[in-house]
Structures are given as C-alpha cells and as structure tokens.
Amino acid sequence: MRRKLIAGNWKMNGLRQDGLDLARALAARIRGGGPDCDWLVCPPAQLLIPVGEAIGGSGIALGAQDCHTEAAGAHTGDLAAPMLADAGCSFVIVGHSERRTDHGESDALVKAKAAAAQAAGLTPIVCLGETEEQREAGRALEVIETQVTGSMPGAAEPLVVAYEPVWAIGTGKVATPEDVAEAHAHIRGLLGGIFGAEAAEAIRVLYGGSVKPNNARDLRALADVDGGLIGGASLKADDFLAIANAVPAG
Ligand code: PEP
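Thresholds, definitions, all that
Residues numbered from 1 in each chain as written. Predicted model: local features only at pLDDT ≥ 70, side-chain atom pairs only at ≥ 80, totals over all residues. Heavy atoms only, no water. 1 Å grid on protein atoms, 1.4 Å probe; cavity = no way out; pocket = protein on both sides within 12 Å on 5 of 7 lines; lining within 4 Å. Points joined across faces, edges and corners; volume = space filled by probe spheres on them. Helix = DSSP H or I, 4+ residues; strand = E, 2+ residues; numbered from the N terminus. Nonpolar A, V, L, I, M, F, W, Y, C, P; charged D, E, K, R; others polar. Contact = heavy atoms within 4.5 Å. Salt bridge = Lys/Arg side-chain N within 4 Å of Asp/Glu carboxyl O. Buried < 20%, exposed > 50% of the residue type's maximum accessible area, 1.4 Å probe, protein only. Axes fitted to C-alpha atoms, helices over the stretch in contact; angles between N-to-C directions. Left-handed = near helix turned anticlockwise from the far one by under 90°. Pairing = 2+ DSSP bridges.

Draft legend 1. Layout of the layout of surface pockets. In this structure, the largest pocket occupies an estimated 530 Å³ of space. Together, 21 residues line the largest pocket, and Lys11, Met12, Gln65, Asp66 and Arg99 are the ones closest to its centre. Ranked by the residues each element gives to the lining of the largest pocket, the list is headed by helix H4 (residues 97–102), at 3 residues. Residues of the lining of the largest pocket, tallied by class, amount to 9 nonpolar, 6 polar and 6 charged.

Below is the structure:
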C-alpha cells in the first residue's frame with residue numbers, strides 16, 4: 001500500500017516572515033492531528049533552514065526545489081544535493097516544468113540530478129508532463145514515455161514521480177480524472193518496464209496542476225494517484241490542509 005504524499009511547492013515565494021508564518025501554521029495544525037498522510041513542504045532555498053526549524057517535530061518533511069548534478073565544485077549559484085541534506089532536506093524536486101522551460105533542462109540533466117539526489121540520501125521527485133500543444137496533437141502519452149524513459153535515475157528507491165501537465169500548472173485548468181488516470185497508469189507501466197513491476201508498484205506517482213480544495217476530491221478515486229504536488233494552494237495553510245483532507249488516508 002502506497003502512503004499518500006501531499007507536497008507543497010512554494011516556488012519563488014516568501015520572505016522570511018511569510019515562510020515562518022506558513023510553516024508554523026501548518027506545523028501547529030498537523031501536530032494537532034491533521035489528515036493521515038505524508039507531508040512535505042518545499043520552500044525556496046533561503047528558507048530551508050528556518051522552515052526546517054519551524055516544522056521540526058511536526059512530521060512534515062522538508063524538500064528543496066532543485067539540485068545540481070555534482071556534489072561540490074565551481075558552480076556559482078547552485079546547490080548540491082549533499083548541501084540540501086545537510087540543511088535538513090529529505091526530498092528534492094527535479095525536472096519541474098518551470099525549470100525545464102526557464103533553464104532548458106533536458107531529460108538527461110533531470111536524470112543526473114535525480115541520481116545525485118539519491119546518492120546524497122534524498123528522495124527525488126521527478127516531474128514530467130506534456131504541453132497543451134502536445135496534448136492537442138494527441139501526443140501526450142508519447143511525450144510522457146520519452147520523459148519517463150529519459151529522466152529516471154538508476155534506482156527505483158527512493159523515488160517519487162509527479163505527473164504535471166504543463167498546461168495545468170498555475171493556470172486554473174485541471175486535467176480530467178480520465179486523463180489523469182490514463183497518464184498515471186501509463187507512467188506506472190513504463191516504470192515497470194524500467195524497474196520491474198514489483199518495484200514500480202512501490203513508487204508514488206503524484207498529480208500536480210492547479211489542484212485546489214474544490215477539485216482535489218475528484219482525484220481521490222483514482223487508484224494510481226498517490227497524492228499531490230501542490231503549487232499555489234500550498235501557500236495557504238487552510239487550502240493545503242483542505243486538499244489533504246480530500247485525499248483518502250493511506
Ligand atoms: C507546481 O508548481 O508543481 C504546481 C502544480 O503548481 P500549481 O498547483 O499552482 O498549478
């Protein structure tokens with residue numbers, strides 16, 4: 001049984017006080033008996049340590065939004081996976097569509113980042129998903145196949161995959177439950193081809209893309225959806241908790 005993971009991607013949002021207020025509000029509510037699932041927040045890099053301190057003991061895990069492929073070296077502005085582990089992270093998002101678009105990240109680079117994360121003891125959350133043009137051209141499953149094949153690290157564990165159709169991220173458009181179910185089943189089948197069926201069954205596949213309290217319930221019935229990667233709605237404690245409440249325990 002895969003336990004649900006509700007992950008918040010704060011992106012490039014939050015000064016120190018905003019981040020602390022949000023982290024403290026979440027920690028207080030979850031310590032007091034929140035929904036039964038795994039929790040993760042991925043603040044921007046400058047907030048990793050203070051947010052990590054604020055959520056300490058609450059059961060909420062800390063994650064980063066990106067890492068470099070190398071463990072150290074002359075890479076100005078980058079952060080290595082061992083540094084993130086040292087800052088208290090246990091997860092790192094890699095291959096988010098905003099990084100694939102803004103920074104031209106390829107599947108091969110995402111794969112190397114995911115492998116670097118695993119080598120540092122972090123769980124990579126490997127993001128993938130098709131653009132609107134690709135879906136409209138009937139190429140969604142083919143694009144997903146290319147990304148899964150090209151972006152996965154060498155080991156099936158620890159690993160989380162996030163299916164995030166690009167056209168649904170931050171747009172308010174949500175994929176239909178049928179489209180999500182089809183994509184997730186496809187991803188799990190592809191993971192089975194790479195890692196073997198048994199290992200693939202253990203990998204959590206999250207959905208992300210404009211998930212809000214009012215649409216999270218539609219995703220709950222989908223067997224292959226193991227939680228959510230939540231962007232905008234993770235910046236409000238009430239919304240983030242309401243999304244988790246809509247997801248059945250497990
Ligand atoms: C994301 O950033 O991964 C995301 C899904 O964003 P949003 O929920 O805002 O669409």
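Text resumes after the structure shown.
Draft legend 2. Up close: the side chain of asparagine 9. Within the fold, asparagine 9 resides in strand E1 (residues 5–9). If near-sequence neighbours (up to four positions away) are discounted, asparagine 9 is found in contact with Cys42, Gln65, Ile93, His96, Leu229, Ile230, Gly231 and Ser234.

Draft legend 3. Main features of unusual backbone geometry. Going from glutamate 157 to proline 158, the amide bond is cis rather than trans, its omega being -5°. One can find proline 158 in the loop between helix H7 (140–151) and strand E6 (160–163). Positive phi, close to 55°, is recorded for serine 210, a residue that is not glycine.

Draft legend 4. A look at the pattern of salt bridges. Under the definition given, this model contains 19 salt bridges. Residue lysine 173 is joined to glutamate 132 by a salt bridge in which the shortest nitrogen-to-oxygen separation is 3.1 Å. Here the residue lysine 173 occupies a position in the loop between E6 and helix H8 (177–195), and glutamate 132 occupies one in helix H6 (residues 132–136), the gap between them amounting to 41 residues. When its relative accessible area of 39% is taken as the criterion, lysine 173 is described as partly exposed. Ionic pairing is found between arginine 188 and aspartate 226, a salt bridge with its closest N-O pair at 2.7 Å. Taken together, the residues span a long stretch of sequence, with arginine 188 in helix H8 and aspartate 226 in the loop between helix H10 (213–219) and strand E8 (227–230) at a distance of 38 residues.

Draft legend 5. Broad picture of the packing of H7 against H8. As a packed pair, H7 and H8 sit with axes 10 Å apart at the nearest point and diverge in direction by 35°. Handedness of the H7/H8 crossing: right-handed. Residues Leu141, Ile144, Glu145, Val148 and Thr149 of H7 pack against Glu182, Ala183, His186, Ile187, Leu190, Leu191 and Ile194 of H8.

Draft legend 6. How the structure looks around the sheet that holds strand E2 (residues 38–42). Around the barrel, which closes on itself, the 8 strands sit in the order E1-E2-E3-E4-E5-E6-E7-E8 with parallel pairing between neighbours. Along the sheet, successive strands turn relative to each other by an average axial angle of 25°, direction set aside. Inspection of the sheet shows E1 paired to E2 by 5 bridges, in the parallel sense. Of the residues in E2, the one forming a bridge with alanine 7 is leucine 40. Those strands touched by H8 are strand E5 (123–128), E6 and strand E7 (204–208), and its axis lies near 150° from that of E7.

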